[in-house]
Amino acid sequence: MNWEQLLSLKRFGDTNKRLRKEQNETRLGFEVDYDRIIFSSAFRSLQDKTQVIPLSKTDFVHTRLTHSLEVSVVGRSLGRLAGQKILEKHPQLEETHGYKMNDFGAIVAAAALAHDIGNPPFGHSGEKAIGEYFSLGRGRRFKEALTPKEFQDLIKFEGNANGFKILTQNKPGISGGLRLSYATLGAFIKYPKESLPYKPTKKVTDKKFGFFQTDSNFFQEIASELGLKNTGSKGDISYSRHPLAFLVEAADDICYTIIDFEDGINLGLIEEEYALEYLIKLVKNNINTKKYNRLTNTADRLSYLRALAISTLITEAVEIFLHYEEAILAGEFHQTLLEKSAYSAQIDDIIKISVENIYESEEVINKEIAGHKMLTHLLDTYTEAFLPDETHLDSHFNKLVLKSAPGLNFLKDEESVYKRLLEICSHTSSLTDGFTVASFERYSGKKL
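Residues numbered from 1 in each chain as written. Predicted model: local features only at pLDDT ≥ 70, side-chain atom pairs only at ≥ 80, totals over all residues. Heavy atoms only, no water.

In this section: the overall build of the chain. Within the chain, the regular secondary structure consists of 21 helices and zero strands. The globule rule puts the C-alpha radius of gyration for 448 residues at 22 Å, and the 23 Å found for the chain is close to it. Considering only C-alpha atoms, the chain reaches an extent of 75 × 55 × 40 Å along its principal axes. Looking at the chain as a whole, 53% of its 448 residues are labelled buried. Of the charged side chains in the chain, 56 are positive and 62 negative; the average position of the first set lies 2 Å away from that of the second. (Helix = DSSP H or I, 4+ residues; strand = E, 2+ residues; numbered from the N terminus. Rg over C-alpha atoms; globule rule 2.2 N^0.38 Å. Buried < 20%, exposed > 50% of the residue type's maximum accessible area, 1.4 Å probe, protein only. Lys, Arg positive; Asp, Glu negative; His and termini not counted. Charge placed at Lys NZ, Arg CZ, Asp CG, Glu CD.)

With respect to the secondary-structure elements, Ile107 resides in helix H6 (residues 101-113). Accessibility expressed as a relative area gives 0% for Ile107, which makes it buried. Apart from the residues lying within four places of it in its own chain, the contact partners of Ile107 are Leu7, Phe30, Ala183, Thr184, Ala187 and Leu244. (Contact = heavy atoms within 4.5 Å.)

Before going further, it helps to examine helix H8 (residues 148-155). When you tally the buried positions in H8, you get six out of eight residues, the bulk of the element. Here the buried face of H8 lies against helix H7 (123-135) and helix H20 (417-430).

Moving on: the nonpolar core. In terms of nonpolar packing, the biggest core is built from 93 residues, with Trp3, Leu78, Leu244, Phe261, Leu282 and Phe321 touching the most fellow members. Not counting the four nearest positions on each side in its chain, Leu244 is found in contact with Trp3, Leu7, Phe104, Ile107, Val108, Ala187 and Phe321. Core analysis: the next-biggest nonpolar cluster, separate from the first, contains 30 residues, Phe157, Leu411, Tyr418 and Cys425 among them. (Core = buried A, V, L, I, M, F, W, Y, C linked by side-chain atoms within 4.5 Å.)

Opposite charge on two side chains lets them pair, provided their charged atoms get close. Taken as a whole and assessed by the stated rule, the structure comprises 19 salt bridges. Between Glu262 and Arg306 there is a salt bridge whose closest N-O contact spans 3.0 Å. In this pair, Glu262 is assigned in helix H12 (residues 243-266) and Arg306 in helix H15 (residues 298-323), connecting sequence segments 44 residues apart. Overall, the relative accessible area of 24% leaves Arg306 in the partly exposed class. Taking the shortest distance from any N to any O, the salt bridge between Glu277 and Lys281 comes out at 4.0 Å. Placement of the pair is Glu277 and Lys281 together in helix H13 (residues 272-283), with a separation of four residues, close to one helical turn. For Glu277, a relative accessible area of 42% puts it in the partly exposed group. Classification of Lys281 by relative accessible area gives partly exposed; the value is 36%. (Salt bridge = Lys/Arg side-chain N within 4 Å of Asp/Glu carboxyl O.)

Interpretation of the predicted coordinates at a detailed level should be avoided for regions scoring low in pLDDT. Scored by pLDDT, the chain has a mean of 90; 97% of the residues are at 70 or more. Taken element by element, the chain is modelled with least confidence in H13, mean pLDDT 83, and with most confidence in helix H10 (residues 182-188), mean pLDDT 98. (pLDDT = per-residue confidence, 0-100.)

Looking now at the packing of helix H18 (residues 362-386) against helix H21 (residues 433-443). Where H18 meets H21, the closest approach of the two axes is 9 Å, and the angle between their N-to-C directions is 55 degrees. Put simply, H18 runs oblique to H21. Seen along the crossing, H18 lies across H21 with a hand that is left-handed. Contact residues: Met374, Leu375, His377, Leu378, Thr381 and Tyr382 in H18; Thr436, Val437, Ser439, Phe440 and Tyr443 in H21. Considering only residue class, the contact of H18 with H21 consists of seven nonpolar, four polar and no charged. (Axes fitted to C-alpha atoms, helices over the stretch in contact; angles between N-to-C directions. Parallel < 35°, antiparallel > 145°, perpendicular 65-115°, else oblique. Left-handed = near helix turned anticlockwise from the far one by under 90°. Nonpolar A, V, L, I, M, F, W, Y, C, P; charged D, E, K, R; others polar.)

Here it is in structure tokens:
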């Protein structure tokens, strides 16, 4: 892989090559990507989607929206720092093609801003609820009507793949979705492979999949334009990651490690003194002891340590990225950047505490149980309305459901069972936590 191709400004529908040196410096193509994402309805819905505590009653806890904004800020710093060094190492990128340090930051920031845009209500528990509806629930009745890869898309429903669908989906009058640059779309795709074969390995890109069968052709067009390394075999679609996807992933890892931990402290789920001790271990080589000791309350100390921890991990992640740049470009680097961190033991300790005290707290578990039941009920309601069996063709209730979901009405004319099911899943995934609750109460007759 080479940087000139990887930094492609091409967008869906372009017939002529976009050249960086011809870009308007007041509104660069990569910066337009950020603007299009932040003004999209899918991004706005993240304001009422779970990051740590579902349906939290406090005004402090992060939502997917605040988390995504913070990840984009960290991503911008990672991209700029890495871009500065890459341009020094490959001067022709700037001298011949006109690329700037900020271009790298803009790409990573935009991809990071969108990294959770396809996630369903109630976080990763929502993904499992959708997948299990088809693997364990009533959705199994559709298996014989689907190909193995189509069925795998559903039983392992993936927020990353749904995000790619949202960003690129053709709609009446809207071709190419948000029409983001291929460089930003490449950086967005953490798992550049289809759902089958499902063979998890130690390679980070084999952990999940990045696109549904409906989007495979466009994904391959993007991969070809960017020059991603083809790693597929026997007709299966799989590629090496876009290098900047490692920085997007690092930005996410840094934020959820440190900031989710901070949320747990502020919610009283993690003891303050105990937590501060763990953060100090992470920043012990960079802490200004005199400044820290002058801080008189826990909130100020926590804020200082959080900022220092994020800064420390940004610097190190960039150093790791640059050290392994050649291996990354060759498609031979198969770990997250933070797995190579000198602070990996401290990071693991913090994540372990967060899992035990936050993600597996009684409040979170109880709300995830309720969320699982609600999403299952919605999927049942939608599939029965849009794919009724012979005994329910004239169901009055189903006709009412069709009228209540105008965003899915086009499915009545869609012949493919797979496309109908995928759109139902994507629609359900697009709902906010609060609207999921309201929809469940309406369809189950619990509330008018």
